[in-house]
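Topology and contacts: notes
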Amino acid sequence: MKVEQITLREIRMPLVAPFETSFGATTNRRMVLVEVQGEGSYGWGEVTAGEGPFYNEEDTETAWHVLKNFAIPLILGKPLVSAAAAASRFDPIRGHRMATGALEAALWDLEARLAGRSLSAHIGGTQREIPCGVSIGIQKNVDELLHKIRTEVEAGYQRIKIKIKPGWDIAVLERVREEFPLIRLMADANSAYRLADQNHLKQLDRFYLMMVEQPLAYDDLIDHARLQQALETPICLDESIRTLRHAEQAIETGACRIINIKLGRVGGHARARAIHDCCQAAKIPVWCGGMLESGIGRAHNVALASLPNFVLPGDVSASRRYWTQDVITPEVEVSAQGTIRVPEGPGLGYEVDSDRIERRAVRRESFA
Ligand code: OSB
Ligand code: MG
């Protein structure tokens with residue numbers, strides 16, 4: 001595969017409603033898009049980093065810096081046998097997986113388009129439709145949350161995830177379960193607790209949740225293993241799983257029973273696939289997480305979630321839940337059964353609207 005040009009663009013997109021987690025609220029997204037061109041075709045990727053280093057260490061600025069100065073020079077002008085070979089090119093770069101992962105994902109899209117296959121088929125996807133859930137942020141009050149849950153359940157979403165933090169947890173779940181005793185429900189703490197909160201967290205077992213996501217520190221496995229011993233509710237790890245080794249060690253130590261795979265967090269499709277395969281062999285179910293992506297990152301998530309061990313509904317949901325107008329056509333839509341059809345056209349399978357992207361771009365730089 002010969003890559004002739006790589007273009008970075010930063011776009012800004014206001015969310016239709018602010019999204020609040022235990023580490024802060026997001027109102028306006030700033031995302032870096034990566035466009036690769038070569039052999040007469042193109043591919044797109046999206047950096048999923050936040051605006052500040054609060055979910056993980058990366059942010060929009062560090063991603064631009066690492067792509068421009070370190071990742072792009074490892075690809076441009078250096079023949080690449082396949083997209084699968086890109087991930088190991090980035091091995092010398094420690095961390096910054098959301099930055100390198102966006103370029104890696106763009107190369108997979110390019111390679112799939114050149115082969116005339118869908119990205120899903122190209123990475124080994126087998127599911128033609130993926131099950132979807134939603135992630136609902138912390139709200140002003142519980143009535144507001146109950147109203148949002150009702151809207152999403154009525155739209156057909158297969159599971160509801162709510163965000164929790166100290167002061168917005170047990171009493172809130174009590175009200176949610178009173179109102180919705182039968183829905184598939186889970187809670188995501190984004191590292192808001194410590195092992196010393198074990199007795200408090202044990203109260204979660206009353207709510208027969210599908211799982212509790214990332215209750216403890218973002219870089220921890222050991223305390224999660226201790227907590228899992230004490231909890232009936234399955235623990236799902238998100239932030240703690242950045243590499244295949246973390247997944248192997250989490251499984252070996254019993255730090256979780258489920259893993260959330262995010263394309264950016266683990267550094268692209270090849271690394272996501274390796275974690276997927278390791279979980280499948282260990283009978284650990286996985287699901288696809290979200291990072292408030294534009295259509296480009298969202299389309300990559302749809303392809304990723306078509307791999308066979310993505311058996312639980314993910315956080316990949318309809319474009320319109322986030323944006324008044326997305327940057328792809330058609331936008332990502334969800335059926336009344338709470339599923340997304342995996343597109344069959346070449347590459348991402350959605351058309352990237354470059355006019356809309358240009359209108360939203362606040363900076364761009366090309367490298368050849
Ligand atoms: O922890 O899964 C998370 C959004 C931003 C940062 C972290 C997380 C999330 C979400 C939203 O839960 C998922 C989505 O709807 O894209
Ligand atoms: Mg999470």
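Scroll up to find the structure this text is about.
Counting restarts for each chain: residues are numbered from 1 in the order of the written sequence. Chain letters and ligand numbers both follow the written order, the letters beginning at A and the numbers at 1. Per-residue local features are limited, in this predicted model, to residues with pLDDT of at least 70; the limit for side-chain atom pairs, both in listing and counting, is 80 or more; totals at the level of whole chains, interfaces and linings are taken over all residues. Only hydrogens and water are removed before side-chain values are computed, so all heavy atoms of the structure are retained for them.

**Notes on the sheet that holds strand β7 (residues 185-188)**
The following threshold applies: At least two bridges found by DSSP between two strands is the condition for calling them paired. Each helix is a run of DSSP H or I of at least 4 residues and each strand a run of E of at least 2, with the numbering of both proceeding from the N terminus.
The strand order β5-β6-β7-β8-β9-β10-β11 describes an open sheet built from seven strands, whose pairing is parallel. Strand pairing shows two members of the sheet lacking a second neighbour, β5 (134-136) and β11 (286-288), which therefore form its edges. In the sheet, β7 pairs with strand β8 (residues 212-213) via two bridges, with the strands oriented parallel. By the bridge assignment for β8, A187 is matched with V212.

**Overview of the packing of helix α9 (residues 244-253) against helix α11 (residues 269-281)**
Going by this rule: To define axes, lines are fitted to C-alpha atoms, for helices over the stretch in contact only, and angles between the resulting N-to-C directions are given on a 0 to 180 degree scale. Roughly parallel refers to an angle under 35 degrees, roughly antiparallel to one over 145, roughly perpendicular to one between 65 and 115, and oblique to any angle outside these ranges. Left-handed describes a crossing whose near helix is turned anticlockwise from the far helix through less than a right angle; right-handed describes the clockwise counterpart. The contact rule is simple, with two residues in contact once any of their heavy atoms fall within 4.5 Å. Amino acid classes used here: Ala, Val, Leu, Ile, Met, Phe, Trp, Tyr, Cys and Pro are nonpolar; Asp, Glu, Lys and Arg are charged; the rest, including Gly, are polar.
Here α9 crosses α11 at 15°, and the two axes come no closer than 9 Å. In this view, α9 runs roughly parallel relative to α11, as classed from their interaxial angle. Regarding α9 and α11, the two cross each other, and that crossing is right-handed. In this structure, α9 uses L244, A247, E248 and I251 to contact α11, whose residues at the interface are A274, I275, C278 and C279. Residues belonging to the contact of α9 with α11 are distributed by class as follows: seven nonpolar, no polar and one charged.

**Topic: the coordination of the magnesium ion (ligand 2)**
Cut-off, in case you're wondering: Donor criterion used throughout: N, O or S atom within 2.8 Å of the metal, extended to 3.2 Å for Na, K and Ca. Water excluded; incomplete-looking sites may result. Three exposure classes are used, based on accessible area relative to the maximum for each residue type with a 1.4 Å probe and protein chains only: buried under 20%, partly exposed in between, and exposed over 50%.
The coordination sphere of the magnesium ion (ligand 2) contains the protein donors D188 (OD), E213 (OE) and D238 (OD), at a distance range of 2.1 to 2.3 Å. Along the chain, the residues donating to the magnesium ion (ligand 2) are arranged with the sequence spacing D-x24-E-x24-D. With D188 in strand β7 and E213 in strand β8, this residue pair connects regions lying 25 residues apart in the sequence. A residue is classified by how much of its surface remains accessible, and D188, at 0% relative accessible area, is buried. Since its relative accessible area comes to 0%, E213 is described here as buried.

**Brief notes about helix α5 (residues 142-155)**
We count it as follows: Expected span of a helix, by definition, is 1.5 Å for each gap between consecutive residues, and there is one gap fewer than residues. For this quantity, the arc is that covered by the directions from the helix axis to the C-beta atoms.
Its 14 residues give α5 an end-to-end C-alpha distance of 20 Å, which sits within 8% of 20 Å, the value for a rise of 1.5 Å per residue. What α5 keeps buried is the set V142, L145, L146, I149 and E152. Along the long axis of α5, the arc covered by the buried residues comes to 130°, so they all point the same way. Seen from the open side of α5, the exposed residues pointing more than 90 degrees away from its buried face are D143, H147 and E154. Buried residues along α5 sit in contact with β5, β6 (160-163) and α6 (170-179). A positive backbone phi angle near 110° is found at G156, which sits one or two residues after α5.

**Details of the pattern of salt bridges**
For clarity, the cut-off: The term salt bridge refers to a pairing of a side-chain nitrogen on Lys or Arg with a carboxyl oxygen on Asp or Glu at a separation within 4 Å.
Evaluated as defined, the whole model comprises 28 salt bridges. Between D188 and K163 there is a salt bridge, with the nearest N and O atoms lying 2.7 Å from each other. One end of the pair, D188, is in strand β7; the other, K163, is in strand β6, with 25 residues separating them in the sequence. The exposure class assigned to K163 is buried, which follows from its relative accessible area of 5%.

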